[in-house]
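Reading the structure
Here is what each chain is made of, one letter per residue.
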Amino acid sequence: MLLVPTTVKANEEIDLGLQEDVIESGYHVISDEWQSESITRVDSFEQRVSPSAFIVEENNENLLSQRNSEGYHSDVLEWSDSQSAVIEVNAPKKGLYQLNVDYYPLSDPLVSIEGAIMVNGEYQYRESRRIVFPVDWESQSDEVVLDRRDNQVVPQQSAIEKWYNTYALDANYYEDEPLEFLLEEGKNTIEINSLRGKLLLGDITISSKKEAISYVDYLEQYREEEKIDDTIILEAELPAYKNSSYIRPISTNSPSVTPYETGVGYLNTFGGESWSKPGQEVTWNIDVPKSGLYNLSAKVMQSNPSGDTVFRTLSVNGDVPFDEVKHYPFELNDEWYIETFGKEEPFYIYLEKGNNEVNMTVDVSPYAPVVRTIDQMMKEIEDLTLSIRQLTGNNQDPNRDWDIVEYIPEIEDTLIEWAKALENELDYLLALNNENETTTVVSLRIAADRLRSLADEPNEIPNRIHELSEGTSSATQMLGTIMIDLQDQPLLLDQLYLHGEDNDLPNAMAGWFTKLSDNVKRFFNSFTNNDYSVSEVDDETLEVWVNRPRQYLELLQQMTDQYFTPETGIKVQYSLMPDEAKLILANAADSQPDIALGISNWLPYELAVRGAAVDLRQFEDFKEVGQNYSPGAFLPLVVDDGVYALPETQDFYVQYYRIDILESLDIPVPSTWDDVIDILPELQRFGMNYYTPIAGAQGFKPFQTTAPYIYQHGGDLYDPDGFGTQIDSEESLKGIQLMTDLNTIYSMPLQVPNFYNHFRYTTLPIGIAEFGTYVQLTAAAPEISGWWDIAPHPGVEQEDGTVERFATGSGQSMMMFEGSGKKQEAWELMKWWGATETQTEFAATLQTLYGPEYMWNTANVESFKQLPWPEEHKEVILEQWDYLLEVPKTPYSYMVEREISNVWNSVVFDGEITRSSVDDSIVNINRELRRKLEEFGYIEDGEKVKSYRIPTIELIEGWLEE
């Protein structure tokens, strides 16, 4: 990141605290302050406030009567759309209290319902800005469903519609107890604000903390109860419900698990990577024949890639029975073993006769101290890096000497203190992992050694900055990886056992003879089991190659077999395509499929100009089908008068911004590039900046990063007849000038390896990014959920006051091959797959079964409107899609793309004049243009013999309306 170089005088110290903390401290910091001030918990207090006592707006129509309360015992409040519910609490004395809420979810269960809690008009700590209201999920049916290969299919999931109850919890689950709030003696106001989602709000209860008990005290309560010696076995893959739809059963190919049969894909184990996120809960119903004390065991495999111990918290019938089953450890073991809770001295757990619920929750709280230390250190390293950048002006000349200590005298001590802090956490990690050298332990040691090495030669840091904070092997990169690894807590279960202390349990591992027999059977099965690999198909079956992971293909095959084939009689076989570039080779060898799905949007053009793709405009209903998509998405799929593919997914470039940071700094969300420039001084004053996709590219800047500047200024890349470029027009030059000025004059970042991380850590609290960033923030940044938002791409204001926001949006496409002998059948499948209903069901099912990281960005506009995404985000993306303007393909477009990139590099790094650099590029483009157009028959002997029409949005719209 490059800030405006600061003039630094000799002996003038650099302040490391460039980036001030503009939001509240974390809960653990505030808790320590309360403890130091001798603020304690209150004993035996509870005040329940019903919705009728909520302080709401006058004549509020959202207060519903009991008959509209979905079975609640009183009136309820319908709570959504940035609404707030305020209650008054009379506290008996100043102290710490917990908050509990009854609620009934109303919004799409795939969209997290989130709120925020203010006490007496303020957020007391950062975690109170995001409180989650979870929803439970269950399988829609207990019936076993098989796919075409007779493998069991993960059942469809549905949210359980009921009234729920939750304490206010840390949404990151670093705290192992409900959050506490400081109330003053007497009257207090508590305001619960809606951030996202919709629900019915019932009673809100303020109470003192419920104290936990030890196992000794727990056992004393039940000393008269009988110790049961029965053995009850429960298959773990059959839970009653869970709080994440995508915690799922897994097919494990091992004779050590049950049920198992060689060559049959039973869903015979549960969890694994799908049950690894902090706070994920799974509940099993266990029916016991009589009341009494039972031991509890689980058959597990713990093969965490990092090697770290994973933790679970055990609950029975809704409560943690005693302290010793909080954050219970499961050590690394890549073979099946039976873990008895309590180990050598098994715990006894009391269960009533009949149905009982046993619950296990992913618990990351033991690692919280390490994560917090790393998180704070990464921010401090970022501040130090910014200070060095300010001092050196981003000059990394190895031949230049720096006297960093003169300007940052505390730098050596700072690096040593960081290394000591990491070494302390290293000892803590070793203790948690029974002194095992896990990947995180090794990485933490290397990071500490690297910091000490830099401290030994601080004046060399400008030339070794890649070891500190930039590069794949930097200390910052290693620390970031450790944070991710520690929060990943996978555990695979096969069976649960209730039993007596002396009962014999089944062997965890199959015997050697069983394993040998299974290996022999699998060897022979390998000759006949293709399992989605490319293979011969009969003349009645469509062959479709899919350039996507197996999960996508399996779901697509299931939906096709369930809906498309019965309706049309057309059989379809999907195969995994490991490399889309092989399509060109397959076509040359005449072994191409009928259809290819999930391919890059440049590939249909390359195949079409070589006569290998089918022009879809020949089908009578193309116009009707094409109206499902944004016209701008077709531009790279056109050759002359033909359209050779359909958009399948659609990307989008929108503006991401941190609500909390911008509000704290009183910075508006920019609408135009002039607005962006206006907010830069305030951002940079706090060590922050604005991100553009150019900074995310390496040396080569693709069209996605450069074309929007040209399009927004009214420029273009090509002459209308395709025989020239227009990047030297006045409009295009204005766009290119702005593109370079943002870095040379306004000091935007030159290179940002990972915007997502900088956005999380607030160094880049606003910027332009694509769909991939949206998925990352949704799935992997829970700590800022509800406190970031999106807005349209900044643009250029026109004379009439409108703003042109044109941007690219390359997605994936689907195409049909000219060599197919079943073109009409292939067209029917393409229509069905791209249809609104199919895309909507596919998107919802994919996200339900596999989680938010499997969000599907369909190119079908009507389907996109129905996706389980926040409505306010869909509105922004749809608005931006109105400005979708993809770059058309030409035989020489790669040269235009390369030369625009070269212009940026020469202006920004070499200080060349923009117009001069563009003029030089025109010469190179024209030379390549003539060569490529001659190759494809548009030019002969230097003369134009055939026109080459550059497609436009107006042309596409005309085709779809004619």
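In this report, the structure presented in the accompanying data block is examined. (Residues numbered from 1 in each chain as written. Predicted model: local features only at pLDDT ≥ 70, side-chain atom pairs only at ≥ 80, totals over all residues. Heavy atoms only, no water.)

With that out of the way, let us pick up the overall build of the chain. From N to C terminus, the chain includes 27 helices and 40 strands. Taken over the C-alpha atoms alone, the chain extends approximately 105 × 80 × 65 Å along its principal axes. Sequence-distant contacts in the chain: of pairs separated by 6 or more residues, those separated by 24 or more amount to 79%. Here the chain displays about 40700 Å² of accessible surface, and carbon together with sulfur accounts for 45% of that area. Taking the 68 positively charged and 169 negatively charged side chains of the chain as two groups, their mean positions are separated by 3 Å. (Helix = DSSP H or I, 4+ residues; strand = E, 2+ residues; numbered from the N terminus. Contact = heavy atoms within 4.5 Å. Areas by Shrake-Rupley, 256 points an atom, 1.4 Å probe, with all protein chains shown as cover. Lys, Arg positive; Asp, Glu negative; His and termini not counted. Charge placed at Lys NZ, Arg CZ, Asp CG, Glu CD.)

Relative to the elements of secondary structure, F524 occurs in helix α9 (residues 512-525). Between the alpha carbons of F524 and G263 there is a distance of 10.0 Å; along the sequence they are 261 residues apart.

On inspection of all chains with the given rule, the structure shows 41 salt bridges. Note that R48 is salt-bridged to D203, the shortest N-O span being 3.2 Å. Taken together, the residues R48 in strand β1 (residues 46-49) and D203 in strand β13 (residues 199-207) connect sequence positions 155 residues apart. Judged by its relative accessible area of 3%, D203 falls in the buried class. (Salt bridge = Lys/Arg side-chain N within 4 Å of Asp/Glu carboxyl O. Buried < 20%, exposed > 50% of the residue type's maximum accessible area, 1.4 Å probe, protein only.)

Looking now at the packing of helix α10 (residues 550-568) against helix α22 (residues 836-850). The N-to-C vectors of α10 and α22 enclose an angle of 135 degrees; their axes lie 11 Å apart at closest approach. Looking at the two axes, α10 sits oblique to α22. Considering only the axes of α10 and α22, their crossing is right-handed. Along its contact with α10, which presents Q551, Y552, E554, L555, L556, M559 and Y563, the element α22 presents T838, E841, F842, T845, L846 and Y850. (Axes fitted to C-alpha atoms, helices over the stretch in contact; angles between N-to-C directions. Parallel < 35°, antiparallel > 145°, perpendicular 65-115°, else oblique. Left-handed = near helix turned anticlockwise from the far one by under 90°.)

On the basis of which strands lie adjacent, the open sheet formed by 5 strands has the order β27-β26-β28-β38-β31 and mixed pairing. A single partner strand is all that each edge strand has here, and the edge strands are β27 (571-576) and β31 (646-647). Direction of pairing for β31 relative to strand β38 (residues 812-816): antiparallel, over a ladder of 2 bridges. Within β38, the position partnered with L646 by the bridge is M814. Across the sheet, α10 touches β26 (541-546), β27 and β28 (595-600), and the angle it forms with β27 is around 180 degrees. Across the sheet, helix α21 (residues 823-834) lies against β26, β27, β28, β31 and β38, angled at about 160 degrees from β38, the strand it touches most. (Pairing = 2+ DSSP bridges.)

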